[in-house]
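# Report on the structure
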2 protein chains.
Amino acid sequence: MENPNDPTLRSWVDIPSDSDFSLQNLPFGICKIRRQGKRAVSAIGQYIIDLAALHELRYFDDLNLPQGIFEHGSLNPFIELGPTAWRAVRKRLSDLLRADKSGALRNYPDSQAQVLLPMQDVEMRMPVKVRDYTDFYASEQHATNVGTMFRGADNALPPNWKHMPIGYHGRASSIVISGTPIRRPHGQLKPTEGSPVLGSTRRLDFELELAAVMGVPNPLGKAVPADRAWDHVFGFLLFNDWSARDIQQWEYVPLGPFLGKNFASSVSPWIVTADALNPFRVPGPIQDPPVLPYLETREAYALDITLEVSLEIPSRVPVTVSRTNSRYLYWSIAQQIAHHTIGGCNLNIGDLLASGTISGPDPSSYGSMLELAWRGERPILMPDGSTRSFILDGDTVVMRGHAQRDGVRVGFGEVRNEVLE
Amino acid sequence: MENPNDPTLRSWVDIPSDSDFSLQNLPFGICKIRRQGKRAVSAIGQYIIDLAALHELRYFDDLNLPQGIFEHGSLNPFIELGPTAWRAVRKRLSDLLRADKSGALRNYPDSQAQVLLPMQDVEMRMPVKVRDYTDFYASEQHATNVGTMFRGADNALPPNWKHMPIGYHGRASSIVISGTPIRRPHGQLKPTEGSPVLGSTRRLDFELELAAVMGVPNPLGKAVPADRAWDHVFGFLLFNDWSARDIQQWEYVPLGPFLGKNFASSVSPWIVTADALNPFRVPGPIQDPPVLPYLETREAYALDITLEVSLEIPSRVPVTVSRTNSRYLYWSIAQQIAHHTIGGCNLNIGDLLASGTISGPDPSSYGSMLELAWRGERPILMPDGSTRSFILDGDTVVMRGHAQRDGVRVGFGEVRNEVLE
């Protein structure tokens, strides 16, 4: 089978050169099209590809997909079909959109009009139903920065940090799609002196993360070996793990973050498949001390994805506050899955495993305001002359990410959320 | 409407005096009956009540329940109907089973044979589909005991503990029904000296808890006031929050328990409704310092439920290792819900809010082996002359709970799990 990742493939659809949605990407999402219900879609250039319409038009007939598989309101039933089905659909899309094939879609303008819709005409929705969501803490720089601020430079990294990908269970119900306004949460705040008070967080923050969407489950009691873990991943999302630092700081000892995180997390609408990201796998940082055998991997699983965070204040030019790359993560997704399951924990289809804040080595590559403005000590200048140590009401946080190689760009689009009072 | 909690009501079904399943209980569960699919059931005495059969036999016709509502494999669709429907069904069951009514069921032996089945003939299954599960830490004695062991008596309770019900997000996917064997998990263990090793936990423990099953959701962004929170609860389960103490101790700083907990939690098959537990609400411990206004309640929400844990080793008499009561919990379920939602977090139908280990004031009322055997310093003698500091392979842990008042007993049955290698 020809490889849909082949960088020489070109599409007959006009794709802007800076588009995240190349012929080699073909991500999956869910959208609401006009008065119809929710349907599964892919994307190319400035168009969404209506998979339900393609299915109705019989372009998938030989793939033996269940009827209505793209009309369930989430991708979970499609993901349940397994990797063979995902790959067959992505390959079919690639074939239908290739310039060098006298394709059945290219020659039928009527079909094209039903299948390819301008992206701005549709509303994207949550791509998966998330049952369990885990947040890791996989960036050494982030853990060091936060540890330095809260426990001092000498105790920055906890003693366990280099032995295991530290993670904790997050809240699945409050994960929302890009575009959803984020309400500044209330919670207990502890003044330096005196009793705690109830108030709005004054330290609202983003965390730039990638989240893996699980595609192949493991049964309870059955660990996934690290070098098999990649095959369990359907794809990845951009993930903003919204955080209220003051609420978090007062509550998190001894059982970890709770209300400081569970008011919202937001995701990009597009799941870029693990298959499409395969060409962008690179070796991660050298791990010293050596990890235990169950965390060793033979293959490379770090992802060379350029990431950035912009801050937009009303009627001003956006400011890019962070530029980083997920290859800096100390612990790979393969190691995260191997660790998560070593005690037998079962991961299900649609579960999210988020990386934790992705911070690079230099201060402009930190993935949260807490680190970028260093706990408020180095506020960021905005175009209207104001400064930001944390996120204010009316600000919009935008995260973007893409991989690029051999002239091929594979990206996520964005996760964009405005903060409301 | 007559109250199905009325202690003077008697049933025409023969109910042993020590049965948890009195006419005033009428809990809900899911079971598998012979070759049929899964169905919603209730219980009375030594019988399950097949709600799907009652529905087919038209005993609920005037209640306007959707067709097949008791045949979904979980109680979630029934719970979604809302409190009016739950109460109408429980009231109808009460009426059909009352000795003083010339009931439609009592006089039809054919119907009875279809509807009432001996409990030992059916297999109970997970009663709800759990999307999110939260574990609190609501017992002062438990938090004090654990804090004393790990941080010393002077720092036993963290500074935030008396200001908020501390909680953390747990793993929903590994929650299993009573009867499921629990496999001793692998994980990283840290010897006092040297590097961590991978091995089976040597400190497998239970935690005796009650879990609230959410029945009425709150939308994202909308807090639930403490005195309205009880109305959001469908009912309660016995909950065993299995824990691997050595794995937990090495991993839990700074982000809380993860693999030390997520290999399994187990629940009783029966959800005792909040309505049935209403007569057993009592004032909880006095809270000092006073709590913030959002945590204040006018009504009493502590639950006077007698709880016990037995340890069974093969072919020996069970040993009751703990006798306690949920009324000792410092933080009530009303306060847990008010706190969980104060930042806007949405709770959904079927979500579990577990109490955390329930430990009473004296050492025989502690709710975990860690506390009962005080970190191994006071091992428990077993009938074969062996001792237990933690749970060994082949041991079975059984938790039971019931409330009793005015001659009426309302109980949970048990959650029973054997530990396998």
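Residues numbered from 1 in each chain as written. Chains lettered and ligands numbered in written order. Predicted model: local features only at pLDDT ≥ 70, side-chain atom pairs only at ≥ 80, totals over all residues. Heavy atoms only, no water.

## As for the confidence of the model for chain A
Threshold: For every residue, the predictor reports its confidence as pLDDT, a number between 0 and 100.
Confidence in the prediction for chain A averages 96 pLDDT; 100% of positions are at 70 or higher. Scoring of the predicted complex yields 0.98 for pTM and 0.97 for ipTM.

## Quick look at the relation of the copies chain A and chain B
Applying a rotation about an axis and a shift along it to one chain copy brings it onto the other copy. Short version of the rule: Superposition of the copies used a least-squares fit over C-alpha atoms from residues whose pLDDT is at least 70 in both. We call two residues contacting when some pair of their heavy atoms lies within 4.5 Å.
Relative to chain B, chain A is turned by 180° and slid 0.0 Å along the rotation axis, the superposed coordinates differing by an RMSD of 0.0 Å. The transformation just described matches what one would write down for a two-fold rotation axis. Every residue of chain A has its C-alpha some distance from the rotation axis, and the shortest such distance is that of A:Gly256, at 2.2 Å. A share of 100% of interface residues in chain A that are also interface residues in chain B marks the association as one of identical surfaces.

## Quick notes on the pairing of strand E25 (residues 396-405) of chain A
Residue and element names in this part refer to chain A. Threshold: The classification of residues rests on relative accessible area computed with a 1.4 Å probe and restricted to protein chains. Under 20% of the type maximum is buried, over 50% is exposed, and intermediate values are partly exposed. Helical segments are the DSSP runs of H or I of at least four residues, strand segments are the runs of E of at least two, and each set is numbered from the N terminus. Two strands are said to pair when DSSP picks up at least two bridges between them.
The buried fraction of E25 is high, at seven of 10 residues. Here strand E20 (residues 306-312) runs beside E25; their pairing, made up of seven bridges, is antiparallel. The partner of Ser310 across the bridge, within E25, is Val398. Note: E25 against strand E26 (residues 408-420), nine bridges, orientation antiparallel. The residue bridging Met399 from the neighbouring strand is Val415, located in E26. With antiparallel pairing between neighbouring strands as the criterion, E25 and E26 make up a hairpin whose turn holds two residues, including Asp406 at a positive phi of roughly 50°.

## Quick notes on helix H9 (residues 333-341) of chain A
All names here are of chain A. Most of H9 sits out of view: nine of its nine residues are buried. Within H9, the full set of buried residues consists of Ile333, Ala334, Gln335, Gln336, Ile337, Ala338, His339, His340 and Thr341. Buried positions along H9 lie against strand E6 (133-136), strand E7 (167-170), strand E13 (208-214), helix H6 (226-229), strand E14 (233-240) and strand E22 (352-354).

## Description of the interface of chain A and chain B
By a frequent convention, interface size equals the accessible area lost on bringing the separate parts together. Formally: The quantity reported as buried area is the accessible area (1.4 Å probe) lost by two parts once they are put together, taken as the sum for both. Salt bridge, as used here, is a side-chain nitrogen of Lys or Arg placed within 4 Å of a carboxyl oxygen of Asp or Glu. Nitrogen and oxygen atoms within 3.5 Å of one another constitute a polar contact, given that in protein one can donate a hydrogen and the other can accept it, and given that sequence-neighbouring residues count only through two side-chain atoms. Residue type decides the class: Asp, Glu, Lys and Arg count as charged, Ala, Val, Leu, Ile, Met, Phe, Trp, Tyr, Cys and Pro as nonpolar, and the leftover types, Gly among them, as polar.
Facing 53 residues of chain A, the contacting portion of chain B comprises 53 residues. Buried surface at the junction of chain A and chain B, summed over both partners, amounts to about 5,100 Å²; 64% is from carbon and sulfur atoms. Its largest share of buried area at the contact with chain B, chain A owes to A:His169, A:Leu255 and A:Phe258, together 16% of the area lost on that side. At the boundary of chain A with chain B, the tally comes to four salt bridges. A salt bridge links B:Asp351 to A:Arg171, with the shortest nitrogen-to-oxygen separation between them at 2.7 Å. There are 22 residue pairs in polar contact (both at pLDDT 80 or more) connecting chain A and chain B. Only E6, E7, strand E10 (186-189), strand E11 (197-200), helix H7 (245-251) and H9 of chain A provide two or more residues apiece to the side of chain A that touches chain B. Its residues assigned to classes, the side of chain A that touches chain B comprises 30 nonpolar, 17 polar and six charged.

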